[in-house]
Amino acid sequence: MTVTIVGSQLGDEGKGGVVDLYGDAADVVARYQGGDNAGHTVVHEGEEYKLSLVPSGAIRGKTGVLGNGCVVNPRTLFDEIDTLRDRGLDPEIRVARRAHVIFPYHRVLDGIEEDVKSEDDNEVGTTGRGIGPTYEDKAGRRGVRIGDLTDPDVLRERLEYVVPLKRALAEDVLGVEVGEEFDVDALYEEYREYGRRLENEDMLVNAGKFLSDRIDDGENVMLEGAQGTVIDIDHGNYPYVTSSNPTAGGACTGTGLGPGVVGDGEVIGIVKAYLTRVGSGPMPTELAGVEGDTPGYDGDAGEREEELATYIREAGDEYGTVTGRPRRVGWLDVPMLRHASRVSSFTGLAVNHVDTLAGLDEVKAAHSYTLDGEELLTLPATTEQWGDCEPSFRTFDGWPEVDWAEVADEGYEALPEEARTYLEYVSDEVDVPIYAVGVGPGRSETVVRERPF
Ligand code: GDP
Ligand code: IMO
Ligand code: MG
């Protein structure tokens, strides 16, 4: 069977930790979208691993697969594999031949486009990893696929077509001088070498066939989403989104497994007990903004909000895994969770960072929004409307700091009563049971109620 892990908010919900927790019972862990824009943290035997591309389960000896829906930067991939090997691990990684390749020119174009947009304060705040430009080339039928790296003629032909186009775009349209990132011969040499290494290390697969054969053999497959629902290119707050589908539909298109297979399994929505956002775009429940990221923020949110945001940011260590940027912080947005659950058909929730909110007098959650005098229980379809939404909050009693390791040991009933009230409210509103509650960054700091495999 499959278990799919989906971020229900804006990314960084703690997906890596949940994959690690439930991945024990999995034989294979596959990523189905995104690339090295993801930053998934796994703590194993006191060691912290921050992974961008290697599926989180690889830390524990599972087969890691990068599905066809991923965009793969081979430099990052081999750096990450080599670093893990240096740390004494031996990850087994397979890459879909149909996945698309991120080239250095994609990264450069990502940066240039953000610079151009920033002149009018319209930048997305991307991770700068070339994700958007690579998916653009995929949809534009001018991309290079991982399988192409193993065929010298095809690789050269594709590069000779696309690289001059990209160079002209950068130099003639965007007016920026470019360097060897746009040199066909240099790119060909470097990427042919990656192709050889992928072949020599027997890393290439037809992902759909590989995964369905493993399922037919009775194995368990975990599908690890990156990013989150509200930065999904279709269901998120376009254009402040990533360029792929982190929602459960992406688990089908991005692996080659059918909706029947994914829907037959479980789909777990990962929820942070509050909300964070990296980069630009609306965030109705935001407490105090982050200058440069929060649209129109002038650094003056009021003392109380500033204090709360700082408290949560520090307690939750809310700094980007990939870019180190301070994350924007706000209260839980329940309309967002209703939207996420509908899009992905969640069968269970894992709510993380319940420990982070401990010690606050009160905890709030946006129950609904008001837009043009009407109450909305779910996200409006346009980003501008979402930006105009006024949240209506429910206020909950805060819960005390307790010995979270002990709570994790003893189980759900050992959680402070106020925390349980909050969790039960969330579960009722989303109409999905809570499978796990995160009370700390380590794997043992999780209250486990259900094991989906
Ligand atoms: P992902 O991108 O969804 O995998 O999440 P990240 O790894 O980017 O960010 C989650 C961060 O929160 C990591 O530093 C985790 O170690 C940490 N974390 C996850 N769950 C919990 C939790 O329940 N409590 C606390 N305090 N930290 C957590
Ligand atoms: P994980 O998997 C949070 C955000 C970026 C930016 C937008 C587009 O760790 O949850 P991109 O580089 O993808 O074109 O950037 O999406 N973003 C993330 N935010 N967590 C992530 O991944 C993200 N990956 C991209 O900040 O706003
Ligand atoms: Mg992350």
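Note on numbering: residues in each chain are counted from 1, in written sequence order. As they are written, the chains are lettered A onward and the ligands numbered 1 onward, keeping that order. In view of the model being predicted, local features appear only for residues whose pLDDT reaches at least 70, and side-chain atom pairs are presented and counted only at 80 or more, with totals across whole chains, interfaces and linings using the full set of residues. Hydrogen atoms and water are omitted, and side-chain values are computed over all heavy atoms in the structure.

> Give a description of the overall build of the protein chain that names residues and reports values.
Helix and strand content of the protein chain: 14 helices and 20 strands. Using C-alpha atoms as the atom set, the radius of gyration is obtained and then compared with a globule rule of 2.2 Å times the number of residues to the power 0.38. Against the 2.2 N^0.38 benchmark of 22 Å for 453 residues, the protein chain shows a C-alpha radius of gyration of 22 Å, consistent with a compact globule. Along the three orthogonal principal directions, the C-alpha set of the protein chain runs to about 65 × 55 × 40 Å. When a residue's accessible area, from a 1.4 Å probe over protein chains only, is under 20% of the maximum for its type it is buried; when over 50% it is exposed; and in between it is partly exposed. Here the protein chain holds 453 residues, and 58% of them are scored as buried. Contact between two residues is taken to exist if any of their heavy atoms lie within 4.5 Å; hydrogens are not considered. A separation of at least 24 residues holds for 74% of the contacts in the protein chain among residues at least 6 apart in sequence. Using a 1.4 Å probe, the Shrake-Rupley method yields the accessible areas, and only the shown protein chains count as cover for residues. When the accessible area of the protein chain is evaluated, it comes to approximately 18300 Å², of which 42% is carbon and sulfur surface. Charge assignment in this entry is limited to Lys and Arg as positive and Asp and Glu as negative, and neither His nor the chain termini are counted. Here the site of a charge means NZ on Lys, CZ on Arg, CG on Asp, or CD on Glu. Charge centroids of the protein chain, computed over 42 positive and 89 negative side chains, lie 6 Å from each other. What counts as a helix is a DSSP run of H or I of at least four residues, what counts as a strand is a run of E of at least two, and both are numbered from the N terminus.

> Break down a negative patch on the surface for me, with residues and values.
The patches reported here contain residues having more than 30% relative accessible area and no salt bridge. Joining distances are 9 Å for like charges and 5 Å for nonpolar side chains (Val, Leu, Ile, Met, Phe, Trp, Tyr). Salt-bridge detection follows one rule: a side-chain nitrogen of Lys or Arg within 4 Å of a carboxyl oxygen of Asp or Glu. On the surface, a cluster of negative charge is contributed by Asp 372, Glu 374, Glu 384, Asp 388 and Glu 390. Mapping Asp 388 onto the fold places it in helix 12 (residues 383-388).

> So what about the site of ligand 2? Which residues, and what values?
Any residue with a heavy atom lying within 4 Å of a molecule or strand is counted as near it. The environment of ligand 2 is made up of 21 residues, and the closest members are Asp 12, Lys 15, His 40, Thr 127 and Thr 242. In protein, a polar contact requires one atom able to donate a hydrogen and another able to accept it; more generally it is a pair of N or O atoms within 3.5 Å, and residues adjacent in sequence count only if both atoms are side-chain atoms. Asn 37 places a side-chain nitrogen or oxygen 2.8 Å from an oxygen atom of ligand 2. Relative to its unbound accessible surface of 550 Å², ligand 2 loses 97% to contact with the protein. Here a cavity denotes a set of grid points, spaced 1 Å apart and computed over the protein atoms alone, in which a 1.4 Å probe fits but from which it cannot get out, and a pocket denotes an open set meeting protein on both sides within 12 Å along at least five of seven lines; residues with an atom within 4 Å of a point are reported as lining. Any molecule with more than half of its atoms within 2 Å of a cavity's or pocket's grid points is regarded as sitting in that cavity or pocket. If you map ligand 2 onto the pockets, it falls in the largest pocket.

> A description of the pairing of strand 7 (residues 92-96) should follow, citing residues and the corresponding values.
Summarising burial for strand 7: 4 of the 5 residues are buried, a large majority. Between any two strands, at least two bridges found by DSSP are needed for them to pair. Examined bridge by bridge, strand 5 (residues 63-66) and strand 7 share 4 bridges and lie parallel to one another. If you follow Leu 66 over to strand 7, its bridge partner there is Val 95. Note: strand 7 against strand 9 (residues 204-205), 2 bridges, orientation parallel. Counted as the bridge partner of Ala 96 is Val 205 from strand 9.

> Requested: an account of the packing of helix 3 (residues 104-118) against helix 5 (residues 152-173), with residues and values cited.
Only the contacting stretch of a helix is used when fitting its axis, a line to C-alpha atoms as for every element, and angles between N-to-C directions run 0 to 180 degrees. Where helix 3 meets helix 5, the axes come as close as 11 Å, and the angle between the chain directions of the two elements is 20°. Judged by the inter-axis angle, helix 3 sits roughly parallel to helix 5. Once helix 3 is placed against helix 5, the crossing between them reads as left-handed. Residues Tyr 105, Leu 109 and Ile 112 of helix 3 touch helix 5, and the partners they reach there are Leu 159, Val 162, Val 163, Lys 166, Leu 169 and Ala 170. In this count, Pro and Cys sit with the nonpolar residues alongside Ala, Val, Leu, Ile, Met, Phe, Trp and Tyr, while Asp, Glu, Lys and Arg are called charged and the others, Gly among them, polar. Split by residue class, the contact of helix 3 with helix 5 holds 8 nonpolar, no polar and 1 charged. Here roughly perpendicular refers to angles of 65 to 115 degrees, roughly parallel to angles under 35, roughly antiparallel to angles over 145, and oblique to all remaining angles. Helix crossings are classified by the rotation of the near helix relative to the far one: an anticlockwise turn of less than a right angle makes the crossing left-handed, while a clockwise turn makes it right-handed.

> Describe the pattern of salt bridges, listing the residues and the values that go with them.
Pairing of side chains with opposite charge becomes possible as their charged atoms draw close. In this structure the tally under the stated criterion is 31 salt bridges. Taking the shortest distance from any N to any O, the salt bridge between Asp 137 and Arg 142 comes out at 2.8 Å. A salt bridge links Arg 197 to Glu 201; the shortest N-O distance between them is 2.8 Å. Look at the salt bridges and you will find they share partners, linking Asp 82, Arg 85, Asp 90, Arg 197 and Glu 201 into a network.

> Help me get a handle on the coordination of the magnesium ion (ligand 3), residues and values and all.
Protein coordination of the magnesium ion (ligand 3) is provided by Asp 12 (OD) and Gly 39 (O), with donor distances spanning 2.0 to 2.2 Å. Of the two residues, Asp 12 is situated in the loop between strand 1 (2-7) and helix 1 (15-23) and Gly 39 in the loop between strand 2 (28-31) and strand 3 (40-44); the sequence distance between them amounts to 27 residues. Overall, the relative accessible area of 21% leaves Asp 12 in the partly exposed class. Gly 39 sits in the buried class, given a relative accessible area of 12%. Only N, O and S atoms count as donors, using a 2.8 Å cut-off from the metal and 3.2 Å for Na, K and Ca, and because water is excluded some sites may appear unfinished.

> How would you sum up the nonpolar core? Please name residues and give values.
The nonpolar core is taken to be a set of buried Ala, Val, Leu, Ile, Met, Phe, Trp, Tyr and Cys residues, with the residues joined through side-chain atoms within 4.5 Å. In terms of nonpolar packing, the biggest core is built from 59 residues, with Leu 349, Trp 399, Leu 415 and Val 437 touching the most fellow members. When residues in this core are grouped by element, the largest group, 6 residues, is from helix 14 (residues 417-430). For each domain, the first and last residues come from an automatic or database assignment. Two domains each put at least three residues into this core: domain 1 (2-95 + 205-269) and domain 3 (271-448). The residues touching Val 437, leaving out its near neighbours within four places in the chain, are Val 351, Val 354, Tyr 412, Leu 415, Leu 423, Glu 445, Thr 446 and Val 447. By size, the runner-up hydrophobic cluster in this structure holds 43 residues, among which are Val 42, Ile 59, Leu 159 and Leu 198.

> Give a description of the site of ligand 1 that names residues and reports values.
Taken together, 18 residues lie near ligand 1, and Lys 15, Gly 39, Thr 41, His 353 and Asp 355 sit nearest. The separation between an oxygen atom of ligand 1 and a polar main-chain atom of Gly 14 is 2.9 Å. Between ligand 1 and Gly 39 there is a distance of 2.8 Å, counted from an oxygen atom to a backbone nitrogen or oxygen. In isolation ligand 1 exposes 590 Å². Once the protein is present, 93% of that is buried. When atoms are counted within 2 Å of each cavity's grid points, the one that captures over half of ligand 1 is the second largest pocket. Of all elements in the fold, only helix 1 and strand 3 reach the threshold of two or more residues within the shell around ligand 1.

> A description of the domain arrangement of the protein chain should follow, citing residues and the corresponding values.
Along its sequence, the protein chain is carved into domain 1 (2-95 + 205-269), domain 2 (101-198) and domain 3 (271-448). Relative to domain 2, the C-alpha centre of domain 1 lies at a distance of 24 Å. Across the contact, 25 residues belong to domain 1 and 21 residues belong to domain 2. Reported buried area values correspond to the accessible surface (1.4 Å probe) lost by two parts on association, with both partners' losses combined. For the pair domain 1 and domain 2, the summed buried surface comes to about 1800 Å²; carbon and sulfur atoms form 61% of the total. Of all residues in domain 1, the largest losses of buried area upon contact with domain 2 belong to Val 71, Arg 75 and Phe 78, amounting jointly to 32% of the total for that side. Summed over the shared surface of domain 1 and domain 2, the number is 3 salt bridges. Residues Asp 36 and Arg 107 are paired through a salt bridge, measuring 3.3 Å at the closest nitrogen-oxygen approach. No other element matches the 7 residues that helix 2 (residues 74-86) contributes to the side of domain 1 that touches domain 2.

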